[in-house]
Amino acid sequence: MLSRLRHPEPSPAAGSDLVIGAHDLSLGYGHFPAVKDLNLEARAGELVGLFGANGAGKSTTLLGLAGWLRPSSGSVSWLGETTTARMHVRVRRGLAYVPEESGVVPNLSVRDNFRLSRGNVDGLAQAPELERMPARKGGLLSGGERQILALTRAISRQPRLILIDELSLGLAPLIVARLFEMLRRAADQGAAVIVVEQQVETALRYVDRGYVLRDGSLALKGTVGELLDRRDELEASYLSVT
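Residues numbered from 1 in each chain as written. Predicted model: local features only at pLDDT ≥ 70, side-chain atom pairs only at ≥ 80, totals over all residues. Heavy atoms only, no water.

Visitor: An account of the sheet that holds strand β10 (residues 217-223) is needed here, citing residue identities and associated values.
Guide: With respect to topology, six strands assemble into an open sheet ordered β6-β7-β8-β3-β9-β10, the strand pairing being mixed. Because the sheet does not close on itself, it has two edges, and the strands there are β6 (95-98) and β10. On average, adjacent strands in this sheet sit at an angle of 15° to one another, irrespective of strand direction. Pairing of strand β3 (residues 47-51) with strand β8 (residues 192-196) involves four bridges; the strand directions are parallel. Counterpart to Leu47 in the pairing with β8 is Val193. Against the sheet, helix α5 (residues 143-156) engages β6 and β7 (161-164), with an angle of about 175° to β6. Helix α6 (residues 173-188) rests against β3, β7 and β8 of the sheet, and its axis sits at about 155° to β8. (Pairing = 2+ DSSP bridges. Helix = DSSP H or I, 4+ residues; strand = E, 2+ residues; numbered from the N terminus. Axes fitted to C-alpha atoms, helices over the stretch in contact; angles between N-to-C directions. Contact = heavy atoms within 4.5 Å.)

Structure below.
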C-alpha cells in the first residue's frame, strides 16, 4: 500500500523556472464543463503526477495545457507568459505531447517513426530494445515497445515540457518502471514533465509532486510526502493503489 513507499530525493533542478501553469482554468466540450477552476504548475526539472479516477478530467487538462483545447475561463501560462497559442505553436517552442495511444504510425518503421520527431536518429540509442530492430513496422511492436518509441521520440527533441497521457495503460510492471525511469531522467536533465497515471503507487516512487483531480476539480496536491500523509484521502479518490 501507499504507506510502504519510500519518498524519493527531490530533483535538484526542481523549483527553478516555471514552464507551464494553469490559473483558474476551466475546460469543456460544448456546454459540458470537464475541468473547473484548476490551478497547477510544472517547473523545469520537475516530474509532476496528475492522478484521478476515470473521467476526473486528467486528459482534458493535458489538452488544455497543450493548446489543443481552448479554455472556457481562466488562463494558461507558457514559459512565463499567458498564452492562447495553438498546440503546433507550443510544439515549436518546446512542447512534446504523448497521447494515450502513443501516436506511433503502424505502417512506418521504427526508424521512420522516430524521424517524425525531427530528432537525430542517433537518439534511438536511448532505447536499446528498439535500436536493434530499426526496420520493424510500428504496427508489429508490442504495446510496451510502442510506448518506449513514442517517449524516446519525444525526449529526443530535448523539449522544455513533456505531457504524457496514461503512461502505463495495459503495460507490464517492468515496462512501466522503464518508462518512469526515462521520464525521471528527462526531468533531471531540465525538462518539466506532467504525467497522467493510474498506478499511483508506482508513480509516487518517481514524481516530485502530484495533483489529484476529482470530478474535474482539484481534490489534493502536494509533494510525495504530503500526499502520503493524506493517504486516506488519496485512496478515497478511487485511485489505483495496488
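Visitor: Give me the packing of α5 against α6: which residues, what numbers.
Guide: Their axes nearest at 10 Å, the elements α5 and α6 cross at an angle of 5°. Taken together, α5 and α6 sit at an angle that is classed as roughly parallel. Counted together, Gly144, Gln147, Ile148, Leu151, Thr152 and Ile155 of α5 and Ile175, Arg178, Leu179, Met182, Leu183 and Ala186 of α6 form the full contact between these two elements. Split by residue class, the contact of α5 with α6 holds eight nonpolar, three polar and one charged. (Parallel < 35°, antiparallel > 145°, perpendicular 65-115°, else oblique. Nonpolar A, V, L, I, M, F, W, Y, C, P; charged D, E, K, R; others polar.)

Visitor: Kindly report on the packing of aromatic side chains, identifying the contributing residues and their values.
Guide: Taken as a whole, this structure holds one aromatic pair when the rule is applied. Look at Phe180 and Tyr206: their rings are 5.2 Å apart centre to centre, the planes differ by 10°, and that puts the pair in the stacked class. Of the two residues, Phe180 sits in helix α6 while Tyr206 sits in the loop between α7 (200-203) and β9 (209-214), which places them 26 residues apart along the sequence. Of the residues examined, Phe180 reaches a relative accessible area of 0% and is grouped as buried. Residue class for Tyr206 comes out buried when judged on its relative accessible area of 17%. (Phe/Tyr/Trp six-rings, centres within 6.5 Å; stacked < 30°, edge-to-face > 60°. Buried < 20%, exposed > 50% of the residue type's maximum accessible area, 1.4 Å probe, protein only.)

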